[in-house]
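Take a look at the letters that make up each chain.
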Amino acid sequence: MYYAYILKELRHHRHRTLVNILGIAVGIALFVSINAVSTAYQQAVSLPFKNLGADLVVQRAEKRAVDSSQAGPSMRGIRLPFSNQLLSSDDLDKLRIIPGIDAMAGSLLLWDFDQGGFRTIMGIDMSQPSLGPVHVKEWLAKGRFPEKKGEVVLEKHYAKFHNTQLGDQFTIGSRSFRVVGLLEIREGAQIASANIYLPLADAQDLMGNESKSVNLVYLRLQNPSRLNQTKTQIMQAMPGISVVSSDAILEVMGGVSRISDQFSLVVSLVALAGAVFLIIKTMLGNLVERSREIGILKAVGWTGGDVQKQLMGEVFIQSMMGGIVGVAAGYLISYLLGYLSIPVTTPWEVNLLPAFAKETGAAAQTIRLPVSFSAGLTAAALALSLLAGGLASYFMGRRMAKMKPADILRRL
Amino acid sequence: MPLIIADNIHKDYQVGDVVVQALQGVGFEIEPASFVSFVGPSGSGKTTLLNLIGCLDKPTAGTLTVAATDIARLDRKESAAFRGSHLGFIFQDFNLLPVLTVYENIEYPLLMVQNVPPAERKERIERLLAAVGMADQKDKYPGQISGGQKQRVAIARALVTHPELVLADEPTANLDSQTAYAVINLMKRMRDELATTFIFSTHDQKIVGEAEVIFRLEDGSIVAKEMKGGASHDESL
């Protein structure tokens, strides 16, 4: 291959080279940005569960949901949420023997209606340091996490609203607790979001819960790809149980997420196919324009293969440059789109707030799209740009093989 | 032994439903180191004949031997290799590659066709640049030099592979008469120095007089062969 000739040819026909590079770059940029944003969207939606280190959340629906003769809910004092009831020890025993469960952690979520308003209280199982709402300790802004009974951590904004400082005494029901930490809930953590965090035993005491039960169980699976099978097994073993995974958020999010999930690859490939078509058309047009040059090269002794290699060299460089520019532009677009916030709606089963508080903004949190660099996507994009160049070369080679130097030179 | 032996060459072209007989039973012999011209009006078969001798096309019938090779039997790849090692071409439109400098235009047949080592390549190119009077223009691009200078570069490009035969199709058609004479005389001088056979086609009767052997073509047949003892003279372009 005559490299100096390739570079000079590309430099001499700047406009043509630029059109080819931009053609590929546009297709690749669309491919990268659509896929990067789609992946970020999926990650954003699964963030609430990821933040808990859990694959599934298990709870049992409140009795009134199945028995309408029950009395209406009380809105005074400390109570269980309207949406669930305590899981019995029998329920927990059944869960423990379901195969494929790696770890299990329980929590007791309470609602407290007092004269000062409404607040949520989360009793945390400290025995599982990496599963469930215990994860919120990573978001401590001040102080530490409770180490013994009688200690609480408050959500920072709640503490500020109630003018409570680190080290203050804080009353829940008739009991007094010492505030040992303040934390800030990160985005996407609404299914672990509460105003007050305390040890599970304290929450159970507040509830007057003799059996030491919980109302939320977080499960981590040995093999997350078997999520649906495990869900089915749990529901078969425990009729009436509610098992929620990040899929539920996707279902709540509706059309956009499904389009994002199913069509992003198709849309981006269509965009890329358009770019490939454009570059093939441009390069075949160039071939006609360059027939004189091809005729001369063949006349002086270059074989068809020599000429084709030379043209392939040009296509390769343009494809690579188009690929690199496209990948850079694609990520730039993706990161700019990453500044957009999307609302992630929590399914009712894992929404910790009562219906009247769900419109306050705490339930429908917005999450910035977590766009990140993907070596796999980058490699795929560069491979596609080379494939586009390869296709263009193939069609050029076919066209060129039909060009006889005598015919070309006779026409000149 | 003659460098070229053509025996009863026919060449037909299919143009739509019509068969055009471009050459009809042409036969001739050309000795090595001769300076030959094919002369005739447009459509007489000059270019077709040069294309056949230059391995760019194949005869429909007849045998054509060039440098002891029956070139009608060569496949595409062998034809390309034969052109690269035995033949040089000069075109009416010069056909220099516009993106390459004068030096590079002379160099590229050596790079892809003969793979000559860099030192020898440089020596050959510089000698030819000096011989055609373009040494001081070697870094210029074709767009920066005159038509006569372009044709000198084309002559150097044709000779750089040390061919036995140079084929020039209407090499002076795009040049004024003074430059045309200078180009023809440069070709003749190169023939004298390198013992390379030159065959050029033309319809310019004044230029024809510079050839030593003239074949006159009409309607695809050779109608006359003239032998002359032309003396070479050089003029500045």
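Right above here is the structure, for reference.
This report concerns the structure included in the present document.

Conventions adopted
- The residue numbering used here restarts from 1 in each chain and proceeds along that chain's sequence as written.
- Numbering of ligands from 1 and lettering of chains from A proceed in the order in which they are written.
- For a predicted model such as this one, the threshold for reporting local features is a pLDDT of at least 70, and the threshold for listing and counting side-chain atom pairs is 80 or more; totals across whole chains, interfaces and linings nevertheless cover every residue.
- Only DSSP runs of H or I reaching four residues or more are called helices, and only runs of E reaching two or more are called strands; each is numbered from the N terminus.
- Counting other C-beta atoms within 10 Å of a residue's own tells you its class, since 20 or more makes it buried, 12 or fewer makes it exposed, and anything in between is partly exposed; those C-beta atoms are placed from the backbone.
- Placing C-beta atoms from the backbone, we regard two residues as in contact once those atoms come within 7 Å.
- When residues are grouped by polarity, Ala, Val, Leu, Ile, Met, Phe, Trp, Tyr, Cys and Pro land in nonpolar, Asp, Glu, Lys and Arg in charged, and all others, Gly among them, in polar.
- Here the expected span of a helix is defined as 1.5 Å times the quantity of residues minus one.
- This arc is built from the directions going out from the helix axis to the C-beta atoms.
- For two strands to be treated as a pair, DSSP must find at least two bridges joining them.
- We define a nonpolar core as a collection of buried residues of the types Ala, Val, Leu, Ile, Met, Phe, Trp, Tyr and Cys that are connected via C-beta atoms lying within 7 Å of each other.
- Axis definition: a line fitted to C-alpha atoms, limited for helices to the stretch in contact. Angles are taken between N-to-C directions and run from 0 to 180 degrees.
- Put simply, angles under 35 degrees are roughly parallel, angles over 145 are roughly antiparallel, angles from 65 to 115 are roughly perpendicular, and the rest are oblique.
- By convention the crossing between two helices is left-handed if the near helix lies anticlockwise of the far one by an angle smaller than a right angle, and right-handed if it lies clockwise.

Digging into the overall build of chain A
Piece 1. Each helix and strand in chain A was counted, giving twelve helices and 14 strands.
Piece 2. The 412 residues of chain A split such that 41% are buried.

Things to note about the overall build of chain B
Piece 1. Tallying secondary structure elements over chain B gives seven helices and ten strands in all.
Piece 2. Within the span of chain B, comprising 237 residues, buried residues form 49% of the whole.
Piece 3. Excluding contacts between residues fewer than 6 apart, the proportion of contacts in chain B whose partners are at least 24 apart in sequence is 71%.

As for the interface of chain A and chain B
Quoted interface sizes are often the accessible area lost when the parts come together.
Piece 1. With 21 residues of chain A in contact, the opposing surface of chain B contributes 22 residues.
Piece 2. For the side of chain A that touches chain B, the class distribution of residues is ten nonpolar, four polar and seven charged.

Some points on helix 4 (residues 118–131) of chain B
All names here are of chain B.
Piece 1. Counted at 1.5 Å a residue, the expected span for helix 4 with its 14 residues is 20 Å, and the 20 Å between its end C-alpha atoms agrees.
Piece 2. Residues of helix 4 that are buried: R124, I125, L128 and L129. With its buried residues spanning 130° around the axis, helix 4 presents them on a single face. Within helix 4, the exposed residues directed more than 90 degrees away from the buried face are A119, E120 and E123.
Piece 3. Against the buried residues of helix 4 lie helix 3 (102–114) and helix 5 (147–159).
Piece 4. Looking one or two residues past helix 4, G133 carries a phi angle of roughly 75°, positive in sign.

Notes on the sheet that holds strand 5 (residues 69–70) of chain B
Residue and element names in this part refer to chain B.
Piece 1. Pairing within the open sheet is antiparallel, and its four strands lie in the order 2-1-4-5. Every other strand in the sheet has two partners, leaving strand 2 (18–30) and strand 5 as the edge strands with one partner each.
Piece 2. Two elements, strand 4 (residues 61–66) and strand 5, share two bridges in a ladder whose sense is antiparallel. Residue pairing for strand 5: T65 is matched across the bridge by D70.

Quick look at the pairing of strand 1 (residues 4–15) of chain B
Residue and element names in this part refer to chain B.
Piece 1. Both strand 1 and strand 4 contribute to a ladder of five bridges, which runs antiparallel. Its bridge partner being in strand 4, I4 is matched across the sheet by V66.
Piece 2. Bridge count between strand 1 and strand 2: ten bridges; the pairing is antiparallel. Within strand 2, the position partnered with A6 by the bridge is F28.
Piece 3. Between the antiparallel neighbours strand 1 and strand 2 lie two residues, among them G16 with a positive phi of about 65°.

Examining the nonpolar core
Piece 1. Within the largest apolar cluster, 116 residues are counted, with the highest numbers of intra-cluster contacts made by I28 of chain A together with I53, I155, A156, L167 and I199 of chain B.
Piece 2. At 17 residues, the largest contribution of residues to this core is made by helix 2 (residues 14–50) of chain A.
Piece 3. In contact with A156 of chain B, other than residues within four places in its own chain, are I106, L128, L129, V132 and M134 of chain B.
Piece 4. In terms of nonpolar packing, the next biggest core, distinct from the first, is built from 46 residues, M104, L183, A194 and L219 of chain A among them.

Quick notes on the pairing of strand 6 (residues 87–90) of chain B
Residue and element names in this part refer to chain B.
Piece 1. Burial along strand 6 is two-sided: L87 and F89 and G88 and I90, pointing in opposite directions, are all buried.
Piece 2. In this sheet, strand 7 (residues 165–169) lies alongside strand 6 in parallel orientation, the contact comprising four bridges. Its bridge partner lying in strand 7, L87 is registered against L165.

Re unusual backbone geometry
Residue and element names in this part refer to chain B.
Piece 1. The phi dihedral of A67 is positive, around 50°, even though this residue is not glycine.
Piece 2. Note that A67 resides in the loop between strand 4 and strand 5.
Piece 3. Phi at A195 is positive, roughly 60°, even though this residue is not glycine.
Piece 4. Position of A195 among the secondary structure elements: in the loop between helix 6 (177–194) and strand 8 (197–202).

Focus on the packing of helix 3 of chain B against helix 5 of chain B
All names here are of chain B.
Piece 1. Two elements in contact, helix 3 and helix 5, have axes separated by 8 Å at closest approach and are oriented at 25°. In terms of orientation, helix 3 lies roughly parallel with respect to helix 5. Read as a crossing pair, helix 3 and helix 5 show a hand that is right-handed. Within the contact between the two elements, helix 3 uses V102, N105, I106 and P109 and helix 5 uses V153, A156 and R157.
Piece 2. Per-class residue counts for the contact of helix 3 with helix 5 are five nonpolar, one polar and one charged.

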